[in-house]
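# Residue-level structure breakdown
Next come the chains, spelled out residue by residue.
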Amino acid sequence: MSYLPGTASLVEEIDKKLLVVLRDGRTLIGYLRTIDQFANLVLHRTIERIHVGKKYGDIPRGIFIVRGENVVLLGEVDLENEDKLPLEQVNIDTILELQREQQVEREAEQERKKKAMAERGINVDQAIDDF
């Protein structure tokens, strides 16, 4: 196996099952069908996997085109160990409800932190704008 520079190194991954983590935090699993010079990907038989704690759910997405600049992580799925996850699979409705609950908890935690900072005289909104 020789080293290929840039996106050419992805040529070896065509027709393999890949896990792709996107910039917005989503996780996609699908078969890489093609790439271009900008590392744009076309995934086939794609699922979006949502993790909440020790549970996960898969949402079928079909053919998925991913702009290369949105890819944070890309790796091959080990087909032999794919079914040996230490996680519990739940249906789509359950995982979406768990995800909503987790988001509400995160937002409440952010508000508590913001309030604590304000009590100490730190304006979080202004501090972010300064950067």
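Residues numbered from 1 in each chain as written. Predicted model: local features only at pLDDT ≥ 70, side-chain atom pairs only at ≥ 80, totals over all residues. Heavy atoms only, no water.

### A look at the UniProt feature "domain: Sm" (unreviewed entry) in the chain
Within this structure's numbering, the places UniProt gives as "domain: Sm" (unreviewed entry) are residues 5-80. Within residues 5-80, the helical portion is 0% and the strand portion 59%, while the C-alpha atoms at the span's ends are 29 Å from each other. (UniProt positions renumbered as here; feature names shortened; annotations may be inferred. Helix = DSSP H or I, 4+ residues; strand = E, 2+ residues; numbered from the N terminus.)

### Some thoughts on unusual backbone geometry
Although it is not a glycine, Asp15 sits at a positive phi angle of roughly 70°. Here Asp15 is to be found in the segment before β1 (17-22).

### Brief notes about the pattern of salt bridges
Enumeration according to the criterion identifies nine salt bridges in this entry. Between Arg67 and Glu69 there is a salt bridge, with the nearest N and O atoms lying 3.2 Å from each other. Classification of Arg67 by relative accessible area gives exposed; the value is 53%. Glu69 gets classed as partly exposed once you look at its relative accessible area, which sits at 48%. (Salt bridge = Lys/Arg side-chain N within 4 Å of Asp/Glu carboxyl O. Buried < 20%, exposed > 50% of the residue type's maximum accessible area, 1.4 Å probe, protein only.)

### Describing the layout of surface pockets
With a probe scaled to a water molecule rolled over the atoms, the places where space remains empty come into view. By volume, the largest pocket amounts to about 220 Å³. Contributing to the lining of the largest pocket are 13 residues, with Gly25, Ile50, His51, Gln99 and Gln102 lying nearest its centre. Counting residues per element, the ones that place at least two in the lining of the largest pocket are β3 (41-52) and α1 (92-119). Approximately 180 Å³ is the volume attributed to the second largest pocket. Every residue along the wall of the second largest pocket is listed here: Leu19, Ile29, Arg49, His51, Val77, Asp78, Asn81, Glu82, Leu85 and Leu87. Residues that form the lining of the second largest pocket fall into these classes: five nonpolar, two polar and three charged. (1 Å grid on protein atoms, 1.4 Å probe; cavity = no way out; pocket = protein on both sides within 12 Å on 5 of 7 lines; lining within 4 Å. Points joined across faces, edges and corners; volume = space filled by probe spheres on them. Nonpolar A, V, L, I, M, F, W, Y, C, P; charged D, E, K, R; others polar.)

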